[in-house]
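# Close look at the chain arrangement
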Amino acid sequence: MAIIIDENECIGCETCVELCPDVFEMNEETEKAVVKVPNSDLDCVDEAIDSCPSEAISRE
Ligand code: SF4
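As a starting point, this report considers the structure included with it.

About the cut-offs
Per-chain numbering applies: the sequence of each chain, read as written, is numbered from 1 onward. In view of the model being predicted, local features appear only for residues whose pLDDT reaches at least 70, and side-chain atom pairs are presented and counted only at 80 or more, with totals across whole chains, interfaces and linings using the full set of residues. With hydrogens and water set aside, each side-chain value is computed from the structure's full complement of heavy atoms. Residues enter a patch when their relative accessible area is above 30% and they make no salt bridge; the linking distance is 9 Å between like charges and 5 Å between nonpolar side chains (Val, Leu, Ile, Met, Phe, Trp, Tyr). Accessibility throughout is a Shrake-Rupley quantity obtained with a 1.4 Å probe, and a residue counts as covered only by protein chains that appear here. We define a salt bridge as a side-chain nitrogen of Lys or Arg found within 4 Å of a carboxyl oxygen belonging to Asp or Glu. The charge count treats Lys and Arg as positive and Asp and Glu as negative. His and the chain ends do not count. Here the site of a charge means NZ on Lys, CZ on Arg, CG on Asp, or CD on Glu. Numbered from the N terminus, helices here are DSSP runs of H or I no shorter than four residues, and strands are runs of E no shorter than two. The buried label goes to any residue with under 20% of its type's maximum accessible area, the exposed label to any with over 50%, and the partly exposed label to all in between, with areas taken from a 1.4 Å probe on protein chains only. Here a polar contact means two N or O atoms within 3.5 Å. Within protein one must be a hydrogen donor candidate and the other an acceptor candidate, and residues neighboring in sequence count only if both atoms are side-chain atoms. Contacts are assigned to residue pairs with any non-hydrogen atoms lying within 4.5 Å of each other. What the arc measures is the spread of directions leading from the helix axis to the C-beta atoms. In this analysis, strands are considered paired if DSSP registers two or more bridges between them.

### Some points on a negative patch on the surface
A grouping of Glu-14, Glu-18, Glu-25, Glu-28 and Glu-31 is seen on the molecular surface, where their side chains present a negatively charged patch. Within the element layout of this structure, Glu-14 appears in the loop between strand S1 (3–5) and helix H1 (15–19). Residue classification places Glu-14 among the partly exposed positions, given a relative accessible area of 37%.

Structural data, given as structure tokens:
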């Protein structure tokens, strides 16, 4: 189950980075979030998925 971010949906709000800095970080150039640890099973990943305002984060 890989964590993925749909860059077209991400609005760069940084909520996922605040909730789960071990897994998500901002790409300063694109101002979109990126996944550092796609196979992470930390609980904060689910929090970030639930909290993302544009539902850009999912698992595949
Ligand atoms: S919470 Fe969603 S919209 Fe906000 S930065 Fe993360 S992926 Fe992008």
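### Quick notes on the side chain of Ser-54
Residue position: Ser-54 is located in the loop between helix H2 (43–51) and strand S4 (57–59). Here Glu-9 takes part through its backbone oxygen, which lies 3.0 Å from a polar atom of the side chain of Ser-54. Among residues more than four places away in sequence, those in contact with Ser-54 are Glu-9, Cys-10 and Ile-11.

### What to know about H2
Every buried residue of H2 is listed here: Cys-44, Val-45 and Ala-48. Each buried residue of H2 sits inside an arc of 110° when the element is viewed along its axis, so together they form one side. Exposed side of H2, more than 90 degrees from the buried face: Asp-43 and Asp-50 are the residues found there. Contacts from the buried residues of H2 go to S1, H1, strand S2 (24–27) and S4.

### Some thoughts on the pairing of strand S3 (residues 32–35)
Examined bridge by bridge, S2 and S3 share 4 bridges and lie antiparallel to one another. Directly across from Met-26, in S3, lies its bridge partner Ala-33. Hairpin geometry of S2 and S3 is characterised by an intervening segment of 4 residues between the two adjacent antiparallel strands and by a positive phi of about 60° at Glu-31.

### So, the environment of Cys-10
Examined against the element boundaries, Cys-10 turns out to sit in the loop between S1 and H1. Looking at Cys-10, the relative accessible area reads 10%, which means it is buried. C-alpha of Cys-10 to C-alpha of Asp-43: the two residues are 33 residues apart in sequence and 21 Å apart in space. Once residues within four sequence positions are removed from consideration, Cys-10 is found in contact with Ile-5, Lys-32, Ala-33, Ser-54 and Ala-56.

### Here we look at the environment of Val-35
Structurally, Val-35 is set in strand S3. With relative accessibility at 23%, the residue Val-35 sits in the partly exposed group. Along the sequence, Val-35 and Glu-25 sit 10 residues apart, while their C-alpha atoms lie 6.6 Å from each other. Discounting residues that sit within four places of it in the chain, Val-35 has contacts with Ile-3, Ile-4, Ile-5, Val-23 and Phe-24.

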